[in-house]
Amino acid sequence: MDVEGRSWNAAGIRKREDFSFFSSYPTHRLSSSGPYPSPTRTLSDQIYSASPMQLIDTHVHINFETYKSELEAIRERWREAGVVRLVHSCVEPEEFAGIQAIADRFAEVSFAVGLHPLDAGKWNNETANQIRDKASSDSRVVAIGETGLDFHKGDDPELQFKVFEAQLEIAQQLDKPVIIHCRDAAAPMAEMLRNFWQTRGPVRGVMHCWGGTPEETQWFLDLGFYISFSGTVTFKKALQIQESACMVNSDRILVETDCPFLAPVPQRGKRNEPAYVYHVAEQVAKLRGVSLLTLSQQTTENACQLFGFSLELEPRNDENKSN
C-alpha cells in the first residue's frame, strides 16, 4: 500500500478493489494515478464482472513453457488487473492442441489459428486444411493468425507472400479477421492488401504489436484495419509508435501484451504476462489525453466488434471442441 492508501498486487497492478466505485467517480477527474481506494471492498468474481474498468488483451502466447507451472496464479493477476477477455495467438498448427486446452481451462480465452511468417517454410496443403478445419469446427476460434510478413528475420519474401495470401483467402472464406504480424515490411504489406482488396474483395483484421510510423499507420487505417499497441508504446524512445497511438481513430484502437515478449514499463526486462496490458492501456490513455476508464471502454468495445464476441462468458461444453 502506498502513501495515498492504494494497494498493488504482485504484478505491480493496482488491485481491483481500488476501481470498484469507478461508476460513481467523475470521469473528468480520472488520471493515470487513478482514484482513491475503497478499503472495504475485496477482490471477488462480482467485482471482476461488474466493474466498468475492463480490458481485453488481444494478443497473448501463454502456451509457452515459461507459464506452464503457474497459469492459475497468472490468471488471478490478469483478473485483478481487469482483463476480462484474451485472444490467444498461434504461430503454427502444432500449437493447436495446447492452445485449445488453455481455452478449455479458462472461459475468457478465445484464440486464433494460423502460421507465422517466420514459419512459412512449414506451409503445405495439409497446413491450410488444418487451419481451415480448426477455424470452422471450434466456435472459440475468432481469427486467422498470426500471419503476415517479417523481412527483419525472414529470408524468403516470395514464400512469405504466398503463405500470407493463402491465409487471407481462408479468413475471407470463413469471414474471420486476420491477426497480422508486420515487421520491416509495411510498404509491401500495404501494397499486397490493396491488391487483395481490388482482386479478391475486402478482408478485415488487426495490425498487431504495431511499430510503424504515423504515415504507415494511416495506410492500414485507410484499409479499414484495427491497430493494436503493445508494451513498446511505453518505451521512452518509441516516439513514432507513441505518435501513432495518438492518431488512431477511437473506433480502431486495441491494446495487447504479445506476452511473453516486450513487457511494458515499469515491468520492462521481465517476462511479460496478460496483467501487464494494464500498463499499455494506461500509457495509451495518457498519450491520447483520455481517462484510463475511457480508453478501456473504447478498446474493449473495439475488440468485441472485431472478434465477434461479448463479455458474457458461456459455460464450456463439448460443442465448442473439435472431435
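These numbers were taken from a predicted model, which means no experiment stands behind them.

## Side note on the sheet that holds strand β3 (residues 109–113)
Read across the sheet, eight strands follow the order β1-β2-β3-β4-β5-β6-β7-β8 without closing on themselves; strand pairing throughout is parallel. The sheet is open, and its two borders are formed by β1 (55–60) and β8 (253–255), each paired with just one other strand. Across the sheet, the mean angle separating the axes of adjacent strands is 30 degrees when strand polarity is ignored. Here strand β2 (residues 83–88) runs beside β3; their pairing, made up of three bridges, is parallel. Each bridged residue has a counterpart across the sheet, and for H88 the counterpart in β3 is F111.

## Describing the packing of aromatic side chains
With the rule as written, the count across this model stands at five aromatic pairs. Ring geometry for W210 versus F220: centroids 5.4 Å apart, planes at 75 degrees, classification edge-to-face. Of this pair, W210 sits in the loop between β6 (205–207) and α7 (214–222) while F220 sits in helix α7, and the two are ten residues apart along the sequence. Classification of F220 as buried rests on a relative accessible area of 0%. Ring centres 6.0 Å apart and planes at 20 degrees place the aromatic pair F307 and F309 in the stacked group.

## Digging into the pattern of salt bridges
All chains considered together, the criterion is met by 13 salt bridges. In this structure, R75 engages E108 in a salt bridge whose closest nitrogen and oxygen atoms are separated by 2.8 Å. In this pair, R75 sits in helix α2 (residues 71–80) while E108 sits in the loop between α3 (96–105) and β3, placing the two residues 33 residues apart along the sequence. Close ionic contact of R200 with E165 constitutes a salt bridge, the shortest N to O distance being 3.0 Å. In this pair, R200 is assigned in helix α6 (residues 186–200) and E165 in helix α5 (residues 157–174), connecting sequence segments 35 residues apart. Under the relative-accessibility criterion, E165 is labelled partly exposed at 29%.

Parameters and conventions
Residues numbered from 1 in each chain as written. Predicted model: local features only at pLDDT ≥ 70, side-chain atom pairs only at ≥ 80, totals over all residues. Heavy atoms only, no water. Pairing = 2+ DSSP bridges. Helix = DSSP H or I, 4+ residues; strand = E, 2+ residues; numbered from the N terminus. Axes fitted to C-alpha atoms, helices over the stretch in contact; angles between N-to-C directions. Phe/Tyr/Trp six-rings, centres within 6.5 Å; stacked < 30°, edge-to-face > 60°. Buried < 20%, exposed > 50% of the residue type's maximum accessible area, 1.4 Å probe, protein only. Salt bridge = Lys/Arg side-chain N within 4 Å of Asp/Glu carboxyl O.

Coordinates in, geometry out; function isn't part of it.
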